[in-house]
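What follows is each chain in one-letter form.
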Amino acid sequence: LIEENVERYPEARLFPARTISGTAFKTASRIDYPAPTFRLVNEGVETLKSTYQEKLVETFYLDGQLEVDEALADADNGDIADLMTLEAEGMVKGALRTIGKQVWAGTANDAKGFPGAVAIVPSTLVVDAGGTTATTGSSVYLVLFGQQNSQLIFGKGNVLTMTPWFRQRIDRSSKHLMAWLSNVAGWIGVQWVNPYCVGRIRDITEDSGKGLTDSLISDLIAKFPADVDMGSARMFMTRRSARQLQKSRTPTSNTSGNASSMPTAAWPTDSNGIPIEQTSSLTDVEALS
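Residues numbered from 1 in each chain as written. Predicted model: local features only at pLDDT ≥ 70, side-chain atom pairs only at ≥ 80, totals over all residues. Heavy atoms only, no water.

**What to know about the overall build of the protein**
Piece 1. Each helix and strand counted, the protein has 6 helices and 14 strands in total.
Piece 2. In terms of overall dimensions, the protein is more spread out than a globule: its C-alpha atoms have a radius of gyration of 24 Å, far above the 19 Å expected for 289 residues.
Piece 3. Oriented by its inertia axes, the alpha-carbon framework of the protein measures out at about 85 × 70 × 40 Å.
Piece 4. The burial tally for the protein puts 35% of its 289 residues in the buried class. (Helix = DSSP H or I, 4+ residues; strand = E, 2+ residues; numbered from the N terminus. Rg over C-alpha atoms; globule rule 2.2 N^0.38 Å. Buried < 20%, exposed > 50% of the residue type's maximum accessible area, 1.4 Å probe, protein only.)

Take a look at the structure:
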């Protein structure tokens, strides 16, 4: 099999995940601590409590139907690989692609799926790169992982499952044939339960001075409160954005001090101490915000 679909979707690999017994759950999010006060001897103080906010996290049903004409299955001699296995493998990869795109674009990718980062990131955690050429924009997302932040949620106690192949008659333009059927499916969602779990740099374009830079990334980091732990943070971007970041950096000279042997900076793997992940789930043809 020559795999021409070389797109890269690291979201399913990198986002932590857990299963839940149903298809949704509620979180009690603490949004403020109590504020105890000093007191004098024999002087009372008020009883205090934390402030909480309830949030609902839902999963949505992803379904990929598989169908192989029995004539094709019978003719397959397995020289390359079993045809039904190849179809199932392709559907799983297609499901990972759908999940990756949904993580960022949300209902703009599929209106029947879970909300994405673009819809939930607070305006206080957005940096505008200032690009002006329509439909040439891209975004970079800074995500904090973990149970207190962002993670994939799989409902009904399972991740993606595949039903055993079974033979059944199907219809084609009022005619009939026998085929082998199956599907790859599961209940999937993402929790964005913490308001400081994701930030965004928007409107990155190829306009002069409007590409991605370490300065823009540091501006985004600075928008997070000082006590937010960045230990789990990752940045997701397109390859074009990574290339812009590389070109914005000064080449490092060799030990003799001759910079001419390094015409470009090294390909970026991190910025401001935060690892970088390239993903095909993001695009370079976004509408400008």
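**Focus on the packing of aromatic side chains**
Piece 1. Tallied over the full model, the rule gives 8 aromatic pairs.
Piece 2. When the ring of F15 is compared with that of W192, the centres are 6.3 Å apart and the planes differ by 85 degrees; the resulting orientation is edge-to-face. Residue F15 is located in the loop between α1 (11-14) and β1 (17-19), and its partner W192 is located in strand β10 (residues 175-192); the two are separated by 177 residues in the primary sequence.
Piece 3. Take F15: its relative accessible area is 4%, and that puts it in the buried class.
Piece 4. Seen in terms of ring centroids, Y61 and W187 are 5.2 Å apart; in terms of plane orientation they differ by 55 degrees. Their pairing is tilted. Within this pair, whereas Y61 is found in strand β4 (residues 60-69), its partner W187 is found in strand β10, the two being separated by 126 residues in sequence.
Piece 5. Given a relative accessible area of 31%, W187 falls into the partly exposed group.
Piece 6. Members of the aromatic cluster, joined through ring pairs, are F15, W104, Y141, F145, W192 and F236. (Phe/Tyr/Trp six-rings, centres within 6.5 Å; stacked < 30°, edge-to-face > 60°.)

**Brief notes about helix α5 (residues 214-223)**
Piece 1. Residues of α5 that are buried include every one of L216, I217 and L220, and no others. The buried side chains of α5 occupy one side of the element, clustering within an arc of 100 degrees when seen end-on.
Piece 2. On its buried side, α5 packs onto β5 (126-128), β6 (138-143), β11 (198-204), β12 (234-237), α6 (239-248) and β13 (270-271). (Arc of directions from axis to C-beta. Contact = heavy atoms within 4.5 Å.)

**Details of the sheet that holds β13**
Piece 1. Ordered in space as β5-β11-β6-β12-β14-β13, the 6 strands form an open sheet in which the pairing is mixed. In the strand order of this sheet, the two ends are held by β5 and β13, each with one partner.
Piece 2. Taken together, the 3 bridges between β6 and β12 define a ladder with antiparallel strand orientation. Directly across from L142, in β12, lies its bridge partner M235. (Pairing = 2+ DSSP bridges.)

**With respect to the environment of F145**
Piece 1. With respect to the secondary-structure elements, F145 resides in the loop between β6 and β7 (150-154).
Piece 2. When its relative accessible area of 12% is taken as the criterion, F145 is described as buried.
Piece 3. Here the alpha-carbon distance between F145 and P115, two residues 30 residues apart in the chain, equals 17 Å.
Piece 4. Sequence-distant contacts of F145, that is, excluding residues within four places in its chain, are made with L14, F15, P16, S150, S232, R234 and F236.

**Re unusual backbone geometry**
Piece 1. Phi angles above zero are rare outside glycine, and S174 is one such case at about 70 degrees.
Piece 2. Mapping S174 onto the fold places it in the loop between β9 (166-172) and β10.
Piece 3. Positioned with a positive phi, D203 is a non-glycine residue whose angle comes to about 55 degrees.
Piece 4. In this fold, D203 is placed in strand β11.

**Observations concerning the side chain of S182**
Piece 1. Mapping S182 onto the fold places it in strand β10.
Piece 2. With relative accessibility at 2%, the residue S182 sits in the buried group.
Piece 3. Within the local environment of S182, its side chain forms a polar contact with the backbone oxygen of T163, the two atoms lying 2.5 Å apart.
Piece 4. Apart from the residues lying within four places of it in its own chain, the contact partners of S182 are G64, Q65, L66, M162, T163, P164 and W165. (Polar contact = N/O pair within 3.5 Å; in protein donor to acceptor, adjacent residues only side chain to side chain.)

**With respect to the pairing of strand β14 (residues 274-278)**
Piece 1. β14 sits mainly inside the fold: 4 of its 5 residues count as buried.
Piece 2. With 3 bridges connecting them, β12 and β14 associate as parallel partners. Across the sheet, residue M237 finds its bridge partner in β14, namely Q278.
Piece 3. Examined bridge by bridge, β13 and β14 share 2 bridges and lie antiparallel to one another. Looking at the pairing, S271 lines up with I274 of β14.
Piece 4. Connecting β13 to the antiparallel partner β14 that follows it, the hairpin turn spans 2 residues, and N272 within it adopts a positive phi of roughly 55 degrees.

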